[in-house]
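Residue-level structure breakdown
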Amino acid sequence: MPIRTLIFFAALQVATAHADIVIAQVSPTKGPLAVTAVGNYEGAAAYFNTVNAKGGVNGQKIRFVHEDDQYKPEDTVRLVEMIATRDKPLAFINLFGSANVLALQSSKVLDRVKIPAVGATPGAEAMRNPGSPWIFHVSAGDRAQIRHILQHLSTLGIRKVSVAHQDNPMGKSGLGHFNEAAAQLKLEVVGRVPVPPVGEQLAATAKQLQATGAQAYVMVLVRNSGAALVRDVRAASDRTPIYGMSYVPAEAIIEKTPLESAIGVGVAQVLPNASADKTRLTRDFRAAMRIHYPKSEPSNPHLTGYVAAQVAVEAISRAGASPTPEKVTAALRQLRMDLGGLPLDFTDGQNIGTQWVDIGVVNRRGQLMY
């Protein structure tokens, strides 16, 4: 074989060996839910940047590809397929939006491209049961959160509860879990109030809840709607205890509600506290955010992205020197690890790595305490 040909093939082998590892995300960058999605992106990018600064994965650097689906399910399906063809990622991370993920599942696009996805928000059970064999969940779902909230209220001696739920697939699914858990715990549900998708003018909702005479309100709502409901309930001089799901971070509540009115609001949490250095996971996460996104206040949406990125990288690392999406998927199915305060185990074949849930309470500094 001519020397030039040998040199060409040698160069090609070196280039291939050191080609970038591609990991991709499709999520919105504008609109009322974009704050959470952008937080997911920044947290993931902070982890990837940290890994790249240390030499990458098995000598290969990570290239993080992102496309904006504008929160439109049809665009999510289209962009996932486009990225699969154009960029050939080893994994997707942080799928965003219940309708969007359900569209991916019903279209079978992940089955066609055969690329795994690590992490999905929200935790609607329709996305998990039966779910997709290609989606690996790295946080507890809505059912676990709602049950934990109601168990907590039952322990406090509260017997009468009302629920405000988003009028979309996530909210309707959550309402079903709420009804199921309330019945099992023998709690009396005195009100069920629907809230328009991403609705923010909720004075009428607050009035409906107050009329139920409940001892506590439970919110099955997304970030902006949940924060708006806290504002409007407290603006009506209603001091009834309020509990929400992890989609409503403390900073969102404080943006809309005076601090004195927000103190004591409870929020289910599916990850360790992003605002505290209590675990190895959060210490590493907060250090990465300080370096790579110093202007962003570390939050649980950021930590969600960071965790998904860490799990994806671990699976790629275990897939060997020549990883493929199929090898990464196989590694995910055998993955059992502790991220440093958050244990994950996918080996039971359910693709749900954890059911860890806690309750955080907004304190006098406007932060969640748990």
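Coordinates for the structure precede this section.
Let me begin by describing the structure that accompanies this report. (Residues numbered from 1 in each chain as written. Predicted model: local features only at pLDDT ≥ 70, side-chain atom pairs only at ≥ 80, totals over all residues. Heavy atoms only, no water.)

Some points on the nonpolar core
For soluble globular proteins, the rule of thumb is that nonpolar side chains tend to be buried together. Core analysis: the largest hydrophobic core is formed by 74 residues, its most contacted members being Phe48, Ile93, Leu150, Leu153, Val307 and Val311. The element best represented in this core is helix α13 (residues 300–318), accounting for 10 residues. Counting 24 residues, the second largest nonpolar core, distinct from the first, contains Val193, Ala228, Val230 and Ala262. (Core = buried A, V, L, I, M, F, W, Y, C linked by side-chain atoms within 4.5 Å. Buried < 20%, exposed > 50% of the residue type's maximum accessible area, 1.4 Å probe, protein only. Helix = DSSP H or I, 4+ residues; strand = E, 2+ residues; numbered from the N terminus.)

Re the packing of helix α6 (residues 142–155) against helix α7 (residues 169–184)
Viewed as axis vectors pointing N to C, α6 and α7 meet at an angle of 40°, and their least axial separation amounts to 9 Å. Relative to α7, the element α6 lies oblique. You can see that α6 and α7 cross each other, and the crossing is right-handed. For the pair α6 and α7, the contacting residues are Asp142, Arg143, Ile146, Arg147 and Leu150 in the first and Met170, Gly174, His177, Phe178, Glu180, Ala181, Ala182 and Gln184 in the second. (Axes fitted to C-alpha atoms, helices over the stretch in contact; angles between N-to-C directions. Parallel < 35°, antiparallel > 145°, perpendicular 65-115°, else oblique. Left-handed = near helix turned anticlockwise from the far one by under 90°. Contact = heavy atoms within 4.5 Å.)

Comments concerning the sheet that holds strand β9 (residues 242–244)
If you trace the seven strands from one edge of the open sheet to the other, you get β7-β6-β8-β9-β10-β13-β14, paired in mixed fashion. Only two strands of the sheet have a single partner each, and these edge strands are β7 (188–195) and β14 (368–369). Examined bridge by bridge, strand β6 (residues 160–166) and β7 share seven bridges and lie parallel to one another. Across the sheet, Ser162 pairs through a bridge with Gly191, a residue of β7. (Pairing = 2+ DSSP bridges.)

Structural notes on the pattern of salt bridges
Applying the stated criterion to the full structure yields 15 salt bridges. For the salt bridge of Arg63 with Asp87, the shortest nitrogen-to-oxygen distance reads 3.6 Å. One end of the pair, Arg63, is in strand β2 (residues 62–67); the other, Asp87, is in the loop between α3 (73–86) and β3 (91–96), and 24 residues separate them in sequence. For Asp87, a relative accessible area of 12% puts it in the buried group. Between Lys256 and Glu200 there is a salt bridge, with the nearest N and O atoms lying 2.9 Å from each other. Note that Lys256 is positioned in helix α10 (residues 250–256) and Glu200 in the loop between β7 and α8 (203–212), a separation of 56 residues in sequence. (Salt bridge = Lys/Arg side-chain N within 4 Å of Asp/Glu carboxyl O.)

Examining the sheet that holds strand β4 (residues 117–121)
Here we have five strands laid out as an open sheet, ordered β2-β1-β3-β4-β5, and parallel in their pairing. In this open sheet, the two strands that pair with only one neighbour each are β2 and β5 (135–136). Direction of pairing for strand β1 (residues 21–26) relative to β2: parallel, over a ladder of six bridges. Bridge assignment links Gln25 to a residue of β2, and that residue is His66.

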